[in-house]
Amino acid sequence: MPSRLCERCSLMAQLDTNINGAEAKHHSSYQQMVGFAKVGCEICSAVVSGIGERSSGGIVEQKQSGLHDHETDDMQIFCRAVQRGNGEDSYLHIVFEGKQLGTVHQFLSRQSATDEDVVERFNPEVGLSIPRSCRSPACFEMVLQWTTRCRENHERCNRDPALPLTMPTRILDIGDLATPPRILVTDGKNEEYATLSYCWGKGYQQPITTSYNLEQRRTALYLTTLPPVFQDAVTITRKLGFRYLWIDSLCILQDSVDDWNAESAKMDQYYTGSSFNIIAAAAEDPTCGIFDSADFLRHKLSYTERPEYRIKGQNFVQKRAWTLQEEILPPRSIFYTGGAIHWICDHESYSEICPAQASIMGYCLHILSRKKRIFHPPRVRWDKRRQRVLPLKVVNGDKAKLSFFSWWYEILNHYSRRELSFDRDRFPGIAGLAKEFARFTDAQYLCGLWREDFITGLCWNGYGAGIKSSEYLGPTWSWATLHPLNRPNFLYHYPLTGRNGVDDKNTTEIVDIHVVNEAQDPYGQVKEAVVVLEGLSRKLNTLSNPFYSPFLGFGAYRDQIRCCLDDKSRYSAGFPISAHPETIYLQLVRWENNAGQRAIPALVLEPTGRKNVHFSEYIEYRRIGLADFPPNDEFTNGWIKQKVAII
């Protein structure tokens, strides 16, 4: 602590850490602070110097803005302090505020006074006050304080004590420094645990658990045999006072299809039931380490005066499709990115660069990009029975229903832009979120769509970028058949731009549906599926040639049909290959958005040339694209009602 302090700064520097964030009066004016700076108070001097750096005019500039000497004399300055770290690494983050002063941050060491202990000044351009490593004791203490604050004050983030606590089938018992970790078969054991989200990486051989090495690992699994990401996750778990950690590659038998199917089906329970999730966001693969990868750009970090509303920094985890549900389902998540440590719970979020002030209060904030949020205040509510923040329940008619299902389409927009190592994981990779959605709504899940909003769910756009997969991934009417899954454009556009039905008589309806899933799991891989729809249809060759474009939706060209084929193999040199003569349009719905613009989306269906084995009375079609019709008589008349089976 600086040794030469005025009385006010001396009192402030010794603030009781039990009143973190409490506001106290400092000097009664900026002039008084300047006076004590001149006579040697190191903190006052640092603050005044910081003001000089921010404004070349300093106080003179403020006077020219209309402030006179007699006005500045009684401009009370206030301060508040928040402790970070403990022991030798402890220091105070002090915020000075005043009408003329503005806001100035100072960072004071609590160690014995030395010449090097002089306050580190907040500099909006350079800022060097954040610990250089996220493995520092100060960083662990910061995360522990966030965790403690949440556990003690956030009812919505904590489990209902009356509800049973069920651990995963197997979990890593991390022991202590004297005892090596081991794989524990829980057998109904009920203890709190953490989970880990990380990137498997490409070409890296995971230290997986199999049916052959399970018994050995139940005895001991030495840390030195694990990659740095796992070792660091163990360290974080220990520092936060927990003993158990779930890591997929260690806790699921990777050589057993049956075990993988059984355990992957429970992932939503594992992440939802965890106390917190560690997200190794900056690590490209397990060899990088949580701390080393997150420390790479820390020298560029600086404290800010305002909280962050997005997760900054390099984030490899948010490129993976599987980790979307891993980021959303846990009640608390700790992100170790290349841009700082971030904390998100179901109540608020914090960022290391503004550690004492919550970003969002009162609702769950989960941010997946610089401009987009998954959860918005009007769309979420606290579900007391399930102890979760979830989308608003449909209680107020069609308008509430549209907003509610839009949450799912927004989820899919993010999911479809992420990467999957195996195409067969498309449904399992989002099954956890689908189950949570279904538990809340009692809606029926059908190959990535919901029966209660099925027709809207059909309005996805493949942007002509798909490639037909060599394996069966699902029905052609499901977005999950897109290959590759990751793409730069949004999967759904119509449902998220405002939609109001204007002609219910012409809306396509479900007649029947048949779906068979692997292991009879409605959220898992699909073996076969067919839906029978009844709606207005018209042959493709009875209308003028469409304009082939990937951009469909409200406000598109209103004088011609616009069409986008799902599979890029149907294009040659940028132009569509001639369609089958019996190809039809099936009009789905007629919408009007909030701006009064109308849209008529329609499926483009090609006959398969065979009868469907489940619905032989109908012609069988496959989806090959999506079209958009202008709302004028030339294109809206002349349609006939027809029932079709779509595989």
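Residue positions are given per chain, counted from 1 along the sequence in the order it is written. Only residues with pLDDT of at least 70 are given local features in this predicted model, and only at 80 or more are side-chain atom pairs given and counted; all residues enter the totals for whole chains, interfaces and linings. In computing side-chain properties, one takes all heavy atoms of the structure into account and sets aside hydrogens as well as water.

A.B. asks: When you look at the overall build of the protein in this model, what are you seeing that I'm missing?
C.D. replies: Counting from the N terminus, the helices are DSSP H or I runs at least four residues long and the strands are E runs at least two residues long. A count of helical and extended segments in the protein gives 17 helices and 29 strands. When contacts within the protein are restricted to residue pairs at least 6 apart in sequence, long-range pairs at least 24 apart make up 70% of them. Carbon and sulfur atoms form 48% of the exposed surface of the protein, whose accessible area is close to 28,500 Å². Residue contacts are defined here by distance: any two heavy atoms, one from each residue, within 4.5 Å place the two residues in contact. Accessibility throughout is a Shrake-Rupley quantity obtained with a 1.4 Å probe, and a residue counts as covered only by protein chains that appear here.

A.B. asks: Quick question: what am I supposed to make of the state of the cysteines here?
C.D. replies: Covalent bonding between the sulfur atoms of two cysteines is what defines a disulfide. Any pair of cysteine sulfurs within 2.5 Å is marked as a disulfide. Applying the stated rule across the entire model yields zero disulfides. Unpaired in this structure, cysteine 139 has its nearest cysteine sulfur neighbour in cysteine 134, at a distance of 6.2 Å. Left without a disulfide partner, cysteine 563 is nearest to the cysteine sulfur of cysteine 564, which lies 7.0 Å away.

A.B. asks: Even after reading the chapter, I still don't get the packing of aromatic side chains, so can you show me in this structure?
C.D. replies: Here a Phe, Tyr or Trp ring, Trp counted by its six-membered ring, pairs with any other such ring whose centre lies within 6.5 Å, and the pair is stacked when the planes are under 30 degrees apart, edge-to-face when over 60, and tilted otherwise. Counted according to the given criterion, the structure contains 22 aromatic pairs. Seen from their ring centres, phenylalanine 140 and phenylalanine 291 are 5.8 Å apart, and the 85 degrees between their planes marks the pair as edge-to-face. With phenylalanine 140 in helix α6 (residues 137-153) and phenylalanine 291 in helix α12 (residues 290-295), the pair connects residues that are 151 residues apart, well separated along the chain. There is no split in this pair, since phenylalanine 140 and phenylalanine 291 are both buried. Members of the aromatic cluster, each reached through a chain of ring pairs, are Phe405, Trp408, Phe437, Tyr445, Trp450 and Tyr523. For each residue, the accessible area found with a 1.4 Å probe, counting protein chains only, is set against the maximum for its type, and the residue is called buried under 20%, exposed over 50%, and partly exposed in between.

A.B. asks: How should helix α2 (residues 30-38) be read in this particular structure?
C.D. replies: Every α-helical turn comprises 3.6 residues, leaving residues that sit three or four positions apart pointing alike. Along α2, the positions that sit buried rather than exposed are Tyr30, Met33, Val34 and Ala37. Summarising the axial view, the buried residues of α2 lie within an arc of 100 degrees, below the 170-degree limit, and thus occupy one face. Positioned one or two residues after α2, glycine 40 has a phi angle of 115 degrees, which is positive. Here the arc refers to the directions that run from the helix axis out to each C-beta atom.

A.B. asks: Looking at this structure, how should I read unusual backbone geometry?
C.D. replies: Trans is the common state for peptide bonds, and a negative phi is the common state for residues other than glycine. Unlike most non-glycine residues, aspartate 187 shows phi in positive territory, near 50 degrees. Within the secondary structure, aspartate 187 is located in the loop between β7 (182-185) and β8 (194-197). The exposed category is assigned to aspartate 187, whose relative accessible area is 68%.

A.B. asks: Sorry, what's going on with the nonpolar core here?
C.D. replies: Where a protein is soluble and globular, its nonpolar side chains tend to be buried together. Throughout, nonpolar core names a set of buried Ala, Val, Leu, Ile, Met, Phe, Trp, Tyr and Cys residues whose side chains join them through atoms within 4.5 Å. Within the largest apolar cluster, 106 residues are counted, with the highest numbers of intra-cluster contacts made by Tyr336 and Trp408. With seven residues, helix α14 (residues 397-415) is the largest single contributor of residues to this core.

A.B. asks: Please explain the sheet that holds β8 as it appears in this structure.
C.D. replies: For sheets, the rule is that strands pair by backbone hydrogen bonds, running either parallel or antiparallel. Paired strands, as defined in this entry, are two strands with at least two bridges between them according to DSSP. The mixed open sheet is built from eight strands, whose spatial order is β7-β6-β9-β8-β10-β11-β12-β13. Where the open sheet ends on each side, the last strands, each with one partner, are β7 and β13 (349-351). On average, each strand axis in the sheet is inclined to that of its neighbour by 25 degrees, with strand direction left out of account. Relative to strand β9 (residues 244-246), strand β6 (residues 170-173) runs antiparallel, the two being bridged by two bridges. Bridge pairing in β9 links leucine 172 to leucine 245. Working convention: axes come from line fits to C-alpha atoms, limited for helices to the stretch in contact. Angles between N-to-C directions cover 0 to 180 degrees. This element, α6, spans β11 (332-337), β12 (340-345) and β13 of the sheet and lies at about 10 degrees to β12.

A.B. asks: Please clarify how the side chain of glutamate 352 should be interpreted in this entry.
C.D. replies: Structurally, glutamate 352 is set in the loop between β13 and β14 (380-383). A polar atom in the side chain of glutamate 352 sits 2.6 Å from the side chain of arginine 298. Polar contact criterion, stated in full: a pair of N or O atoms within 3.5 Å, where within protein one must be able to donate a hydrogen and the other to accept it, and residues adjacent in sequence count only if both atoms are side-chain atoms.

A.B. asks: Please clarify how the pattern of salt bridges should be interpreted in this entry.
C.D. replies: Opposite charge on two side chains makes pairing possible when the charged atoms of those side chains draw close. What makes a salt bridge here is a side-chain nitrogen of Lys or Arg within 4 Å of a carboxyl oxygen of Asp or Glu, nothing more. If you walk through the whole model with that rule in mind, you get 17 salt bridges. Close ionic contact of aspartate 423 with arginine 426 constitutes a salt bridge, the shortest N to O distance being 2.9 Å. Salt bridges linked by common partners bring Arg135, Asp292, Asp295, Arg298 and Glu352 together as one network.

A.B. asks: It is not clear to me how the environment of proline 181 should be interpreted in this structure. Could you clarify?
C.D. replies: Here proline 181 is to be found in the loop between β6 and β7. In this structure proline 181 comes out as buried when scored by relative accessible area, which is 2%. Sequence spacing of proline 181 and tyrosine 222 is 41 residues, and the spatial spacing of their C-alpha atoms is 6.2 Å. The contacts of proline 181, once residues within four sequence positions are left out, are Leu172, Asp173, Ile174, Ala220, Leu221 and Leu223.

A.B. asks: How do you make sense of the environment of alanine 281 when you look at a structure like this?
C.D. replies: Counting through the fold element by element, alanine 281 comes out in the loop between β10 (276-279) and α12. Expressed as a C-alpha distance, the spacing of alanine 281 and isoleucine 341, which sit 60 residues apart in the sequence, is 9.8 Å.

A.B. asks: Help me understand the pairing of strand β29 (residues 640-646), please; the structure alone is not making it clear to me.
C.D. replies: Remark: a regular strand shows side chains that alternate across the two faces of the sheet. Bridging between strand β20 (residues 526-539) and β29 involves seven bridges; their strand directions are antiparallel. By the bridge assignment, glycine 535 is partnered in β29 with glutamine 642.

A.B. asks: Mind showing me how you'd approach α6 here?
C.D. replies: For α6, which comprises 17 residues, the first-to-last C-alpha distance of 24 Å matches the rise-based estimate of 24 Å (1.5 Å per residue) to within 8%. Among the residues of α6, those classed as buried are Ala138, Cys139, Phe140, Glu141, Met142, Val143, Trp146, Thr147 and Cys150. What a helix is expected to span follows from its residue count: subtract one and scale by 1.5 Å.

A.B. asks: How should the confidence of the model for the protein be read in this particular structure?
C.D. replies: In low-pLDDT segments, the atomic positions of the prediction should not be examined closely. What pLDDT reports is the predictor's confidence in each residue, on a scale of 0 through 100. Mean pLDDT over the protein works out to 76, with 68% of the residues at or above the 70 mark. Summarising per-element confidence for the protein, the mean pLDDT is lowest in helix α4 (residues 58-64) (31) and highest in β9 (98). Across residues 110-128 the pLDDT falls below 50, and counting only partners more than four positions away or on other chains, this stretch makes 50 contacts in the model. Scored below 50 in pLDDT, residues 386-390 makes 31 contacts in the model with residues more than four places away or belonging to other chains.

A.B. asks: Is there a simple way to think about the environment of tyrosine 198 in this case?
C.D. replies: By the element assignment, tyrosine 198 lies in the loop between β8 and α7 (214-219). On the accessibility criterion, tyrosine 198 (1% relative accessible area) is buried. For tyrosine 198, the residues in contact, after removing those within four places along its chain, are Gln206, Val229, Phe230, Ile247, Asp248, Ser249, Ala280, Pro286, Val317, Arg320 and Thr323. Side-chain polar atoms of tyrosine 198 contact the side chain of tryptophan 200, separated by 3.3 Å. A polar atom in the side chain of tyrosine 198 sits 2.7 Å from the side chain of aspartate 248.

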